[in-house]
Amino acid sequence: MAFLLWFAVVAAALASAASGYTELIADFYSETCPQALTTIKLVVGAAILKEPRMGASLVRLHFHDCFVNGCDGSILLDDTDGMIGEKTAQANNMSVRGFDVVDEIKSAVNTVCLGNVVSCSDILAVAARDSIVALGGSPYEVLLGRRDATSASIDDANDDIPNPFMDFPELLANFETHGLSLHDLVVLSGGHTLGYSRCLFFRSRLYNESDTLDPAYAAALDEQCPPAGDDDALASLDDTPTTVDTDYYQGLMQGRALLHSDQQLYQGGDGDSDALVKYYGENPDKFWEDFGAAMVKMGNMSPLTGDEGEVRENCRIVNQ
């Protein structure tokens, strides 16, 4: 009984100390849980070793979380009787994954932190960075101290997450609405150096955009994605879907973008967008450097801090 009382007091003290911050800082957990970041890195590394595709999935979770009311972990919330969350939104349904890995990370950090200290939204930000590094990208410093939302909205997700059918003006407007620039749009789209997409999302481009689609690439895709059916068939977003590189930008210049929205960045938008695509295609070191900076900027979008929101003990449900 004495041990349980001590454990509860320590956990409450740690949570209280962490809740006072109103700005994100890199060393947020240095005193409350110094083992947190190492623990996240270990779990992410093991998940990617087991399934390299998981790295892209964890990066995507962070992206899709941040674009809906800020980086607040709302994408992780399961539906309830009174709330339909973000998991079944058009851009997420049958596409976003990695929730089990997030659960595993949360359980591990709760253990090493001796309580509920690390927020689910911070876990998403760190797991995205660690995935990028594990798959060949450059490290960058993640700012921490986010707290977790207590609600989620399918309507907000449908309105806010960029979709693969958008033309360039829509894409740019969406990013600008979130406080991001044309430069951020092109750099963050480079996250498609990792991962796959479902046939459902690239079928229209495959069969209706021959003017911007490399014929050999189209022929290969045709074998994977028929004109009807097989919506869940997967194709990689670039030729190296488990390696962080600039093959994505090379593909745009060669008419080998899988998604309509990606091809819009080159010869679908304006000269500035074309120039940025070419620049990053030819300068991988600058891409890695600028991508990290853009991820930090995106991760700063409307976080909950201080006494806002909560630190969820289970990332799938609000605290009881």
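Positions within a chain are numbered from 1, following the residues in the order the chain's sequence is written. Confidence filtering applies because this is a predicted model: local features only for residues at pLDDT of at least 70, side-chain atom pairs given and counted only at 80 or more, and all residues used for totals across whole chains, interfaces and linings. The side-chain values count all of the structure's non-hydrogen atoms but skip hydrogen atoms and water molecules.

Just checking my understanding: could you explain the overall build of the protein chain for this structure?
Counting its secondary structure elements, the protein chain contains 14 helices and two strands. Only C-alpha atoms enter the radius of gyration, while the globule expectation follows 2.2 Å times N to the 0.38, with N the number of residues. Relative to a compact globule of 320 residues, whose C-alpha radius of gyration would be 20 Å, the protein chain shows 20 Å and is just as compact. Over its C-alpha atoms, taken along the principal directions, the protein chain stretches across nearly 70 × 40 × 35 Å. The contacts of the protein chain with a sequence gap of at least 6 include a subset with a gap of at least 24, amounting to 75%. Note that accessible areas follow from Shrake-Rupley with a 1.4 Å probe, and for residues the cover is restricted to the protein chains shown. Summed over all atoms, the accessible surface of the protein chain reaches about 14,000 Å², with 53% contributed by carbon and sulfur. Note that His is not counted, nor are the chain ends; the positive residues are Lys and Arg, and the negative ones are Asp and Glu. The atom standing in for a charge is NZ when the residue is Lys, CZ when it is Arg, CG when it is Asp and CD when it is Glu. Placing the 19 positive and 49 negative side-chain charges of the protein chain at their respective mean positions leaves the two points 5 Å apart. Secondary structure elements follow DSSP: runs of H or I no shorter than four residues count as helices, runs of E no shorter than two count as strands, and numbering proceeds from the N terminus. For this analysis, residues touch if any pair of their heavy atoms sits within 4.5 Å.

Would you take a moment to explain the state of the cysteines for this structure?
Simply put, disulfide is the name for a covalent bond between the sulfur atoms of two cysteines. Cysteine sulfur atoms that pair up within 2.5 Å are treated as a disulfide. This model, assessed by the stated rule, comprises four disulfides. A sulfur-sulfur separation of 2.0 Å characterises the disulfide bridge that pairs C66 with C71. Taking the sign of the torsion about the S-S bond as the criterion, the disulfide between C66 and C71, at about 120 degrees, is right-handed. Covalent S-S linkage joins C120 and C315, the inter-sulfur distance amounting to 2.1 Å. Its S-S torsion of about -95 degrees marks the bond between C120 and C315 as left-handed, since a negative value means left-handed. Here the residue C120 occupies a position in helix α5 (residues 120-134), and C315 occupies one in the segment after α14 (284-299), the gap between them amounting to 195 residues. Burial classes follow relative accessibility: with a 1.4 Å probe on protein chains only, a residue under 20% of its type's maximum area counts as buried, one over 50% as exposed, and anything between as partly exposed. Residue classification places C315 among the buried positions, given a relative accessible area of 2%. Sequence-ordered numbering of the disulfide-bonded cysteines in the protein chain gives the connectivity 1-4, 2-3, 5-8, 6-7.

Please clarify how the side chain of N174 should be interpreted in this entry.
Assignment of secondary structure puts N174 in helix α7 (residues 168-177). Excluding its chain neighbours within four sequence positions, the residues that come into contact with N174 are F67, D159, D160, I161, P162 and M166.

Would you mind showing me how to read the pattern of salt bridges here?
Think of it this way: side chains of opposite charge can pair up when their charged atoms draw near. Between Lys or Arg on one side and Asp or Glu on the other, a salt bridge is scored when a side-chain nitrogen of the former is within 4 Å of a carboxyl oxygen of the latter. In this structure the tally under the stated criterion is 15 salt bridges. Two residues, R316 and D103, come together in a salt bridge whose shortest N-O distance is 2.6 Å. Taken together, the positions of R316 in the segment after α14 and D103 in helix α4 (residues 99-112) put the pair 213 residues apart, joining distant regions of the chain. Classification of R316 as partly exposed rests on a relative accessible area of 21%. Look at D103 and you get partly exposed, because its relative accessible area is 24%. Between R205 and E209 there is a salt bridge, with its nearest N and O atoms 3.0 Å apart. Like R205, the residue E209 is buried in the burial classification.

Could you clarify how one ought to interpret the environment of L234 in this entry?
Inspection of the secondary structure puts L234 in strand β2 (residues 234-236). Assessed through its relative accessible area of 33%, L234 is described here as partly exposed. Ignoring sequence-local partners within four residues, the contact set of L234 consists of R53, Y196, S197, R198 and Q224.

In this structure, what is going on with helix α9 (residues 199-208)? I would like to understand it.
Count 3.6 residues to each turn of an α-helix, and residues three or four apart come out pointing the same way. What α9 keeps buried is the set C199, F201, F202, R203, R205 and L206. Turning to α9, the residues buried within the fold contact β1 (196-198), α10 (215-224), β2 and α12 (260-263).

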